[in-house]
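# Residue-level structural notes
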Amino acid sequence: MEFLITEKICPEDEKAIRNGLLEYNREAMERAECRDLGIFLEGEDGKKAGGLIGYTHGKWLFIKWLWVDASFRGEGVGSKILQQAEATARDRGCTHSMLDTFEFQAPGFYQKYGYETLFVLEEHPATGKHYFLTKRL
């Protein structure tokens, strides 16, 4: 047996590790439904002008990304997207939400909507702060 260290992870290698972990998790973790959640704002030209990518798993909403094009910022679009995601999660039986954001992005935005800082990674990736927040829905 030998260890291989690489900077280039091929899809097959990533799949092997992911599948191995998922198999282990299925044996050890309680069963809970996992469903993707996407909410999108499209401009008149059909291009995405904002949206949210996340998923619900059991009683949790996990927000991976929320983005609004600069031309729509300050108009409440991000708030509406976040509120729709939370409402959809509640409809799916979720009681909690979790997300992460950098200090230059939007920790204050999420805190305004009731998210509490669970912890902060200092000096991440080098000199910034990386916030992890949760909310009871």
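Structure shown above.
Read on for an overview of the structure. (Residues numbered from 1 in each chain as written. Predicted model: local features only at pLDDT ≥ 70, side-chain atom pairs only at ≥ 80, totals over all residues. Heavy atoms only, no water.)

### Re helix α2 (residues 77-91)
With 15 residues, α2 extends 21 Å from end C-alpha to end C-alpha; this agrees with the ideal 21 Å at 1.5 Å per step. Taken residue by residue, α2 has Val77, Gly78, Ser79, Ile81, Leu82, Ala85, Glu86, Thr88 and Ala89 as its buried positions. Those residues of α2 hidden inside the fold are in contact with β1 (34-42), β2 (48-57), β3 (60-68), α3 (107-112) and β6 (129-136). Just downstream of α2 lies Gly93, where phi reads positive at about 95°. (Helix = DSSP H or I, 4+ residues; strand = E, 2+ residues; numbered from the N terminus. Expected span 1.5 Å × (residues − 1). Buried < 20%, exposed > 50% of the residue type's maximum accessible area, 1.4 Å probe, protein only. Contact = heavy atoms within 4.5 Å.)

### Observations concerning the state of the cysteines
One covalent bond between the sulfur atoms of two cysteine residues makes up a disulfide. In this structure the tally under the stated criterion is zero disulfides. For the unlinked cysteine Cys34, the closest cysteine sulfur is that of Cys94, found at 9.9 Å. (Disulfide = S-S within 2.5 Å.)

### With respect to a nonpolar patch on the surface
On the surface, Leu118, Phe119 and Leu121 cluster together into a nonpolar patch covering about 260 Å² of accessible area. Assignment of secondary structure puts Leu121 in strand β5 (residues 116-122). (Patch = residues over 30% accessible without salt bridge, like charges linked within 9 Å, V, L, I, M, F, W, Y side chains within 5 Å. Areas by Shrake-Rupley, 256 points an atom, 1.4 Å probe, with all protein chains shown as cover. Salt bridge = Lys/Arg side-chain N within 4 Å of Asp/Glu carboxyl O.)

### Some remarks on the pairing of β5
Bridging between β5 and β6 involves six bridges; their strand directions are antiparallel. Bridge assignment links Leu121 to a residue of β6, and that residue is His130. Between the end of β5 and the start of β6, which pair antiparallel, lie six residues, with Glu123 showing a positive phi angle near 55°. (Pairing = 2+ DSSP bridges.)

### Considerations on the layout of surface pockets
Reported here for the largest pocket is a volume of approximately 500 Å³. Around the largest pocket, the lining is made up of 24 residues, and of these Leu66, Trp67, Val68, Ala106 and Tyr110 lie nearest the centre. Per element, the largest residue contribution to the lining of the largest pocket is six residues, and it comes from β3. Put simply, the second largest pocket is a space of about 350 Å³. If you trace the second largest pocket, you find it lined by Arg18, Leu22, Asn25, Arg26, Met29, Glu30, Arg31, Ala32, Cys34 and His57. When its residues are assigned to classes, the lining of the second largest pocket shows four nonpolar, two polar and four charged. (1 Å grid on protein atoms, 1.4 Å probe; cavity = no way out; pocket = protein on both sides within 12 Å on 5 of 7 lines; lining within 4 Å. Points joined across faces, edges and corners; volume = space filled by probe spheres on them. Nonpolar A, V, L, I, M, F, W, Y, C, P; charged D, E, K, R; others polar.)

### With respect to the environment of His96
The residue His96 is located in strand β4 (residues 96-102) in this model. Taking the C-alpha atoms as reference, His96 lies 11 Å from Glu116; in sequence the two are 20 residues apart. Those residues within four positions of His96 in sequence are excluded, and the remaining contacts are Lys59, Trp60, Leu61, Lys135, Arg136 and Leu137. At 2.8 Å, the side chain of His96 and the side chain of Thr95 are in polar contact. Among the polar contacts listed, one links the side chain of His96 to the side chain of Arg136, at a separation of 2.8 Å. (Polar contact = N/O pair within 3.5 Å; in protein donor to acceptor, adjacent residues only side chain to side chain.)

### A few points about the sheet that holds β5
Here six strands make up an open sheet; going across it, the order is β1-β2-β3-β4-β6-β5 and the pairing mixed. The open sheet is flanked by β1 and β5, the only strands paired with a single partner. Within this sheet the neighbouring strands show an average axis-to-axis angle of 20°, counted without direction. Judged from the four bridges that link them, β3 and β4 form a sheet pairing that is parallel. Across the sheet, Ile63 pairs through a bridge with Leu99, a residue of β4. The strands that α2 touches are β1, β2, β3 and β6; relative to β3, the one it contacts most, it runs at about 160°. (Axes fitted to C-alpha atoms, helices over the stretch in contact; angles between N-to-C directions.)

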